[in-house]
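# A closer look at the structure
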Amino acid sequence: LISSFLALILIFLVLRSLEENVVYFFSPSEINKKTNISFNSKIRVGGLVKIDSVKKNDTSVNFIITDLKKEIVVSYNGLLPNLFSEGKGVIAEGKLKDKKYLIADKILAKHDENYMPPEVSKALENSNN
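Attention in this report is confined to the structure presented alongside it. Nothing here was measured: the structure is a model prediction, and the numbers come from that model.

## Concerning the overall build of the chain
Along the chain, the regular secondary structure elements total three helices and seven strands. From first element to last, N terminus to C terminus, the chain shows the α and β order α-β-α-β-β-β-β-β-β-α. Put simply, of all contacts in the chain between residues at least 6 apart along the chain, 57% involve residues at least 24 apart. Carbon and sulfur atoms make up 55% of the accessible area of the chain, which totals about 8700 Å².

Pasting the structure below:
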């Protein structure tokens, strides 16, 4: 009886820990549609870097991620990946300030000109339907 109780507590703690470390992926259109989105949880937003949207200053870079229907402004403090460029696929991880503004703490860029993250590819396909 005691061992099964300890096992249940252990399973609960493991599941709780996993739940706290999950980072959900959304496209800008999905964020716009959601009514119960959390502004305290980390999320990933993916799409294309909008052409002529990258603005750099001394400490940060701002750019727009689009899924060709909706857009979200991203603010990031740090070095961008070498493969980051306008018109290419990108995933930004961070917290939403509101439904149109993400403060990112990580930027993930595509690997080569033929690769696009599956989540981004699927989001773009869905936005064209």
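Having seen the model, we can carry on.
## Quick word on a nonpolar patch on the surface
The grouping of Ile2, Phe5, Leu6, Ile9, Phe12 and Leu13 at the surface amounts to a nonpolar patch, some 650 Å² of accessible area in total. Counting through the fold element by element, Phe5 comes out in helix H1 (residues 2-20).

About the thresholds
- Residue positions are given per chain, counted from 1 along the sequence in the order it is written.
- A pLDDT threshold of at least 70 governs which residues receive local features in this predicted model, and a stricter bar of 80 or more applies before side-chain atom pairs are shown or counted, although totals over entire chains, interfaces and linings include all residues.
- Only hydrogens and water are removed before side-chain values are computed, so all heavy atoms of the structure are retained for them.
- The way it works is that DSSP assigns letters per residue, a run of H or I at least four long becomes a helix, a run of E at least two long becomes a strand, and they are numbered from the N terminus.
- Note on definitions: a residue-residue contact is assigned when non-hydrogen atoms from the two residues lie within 4.5 Å.
- Throughout, the Shrake-Rupley method with a 1.4 Å probe supplies accessible areas, and for residues the shown protein chains are the sole cover considered.
- What makes a patch is a set of residues exposed beyond 30% relative accessible area and free of salt bridges, joined within 9 Å when like-charged and within 5 Å when nonpolar (Val, Leu, Ile, Met, Phe, Trp, Tyr).
- Put simply, a salt bridge is a Lys or Arg side-chain nitrogen that is within 4 Å of an Asp or Glu carboxyl oxygen.

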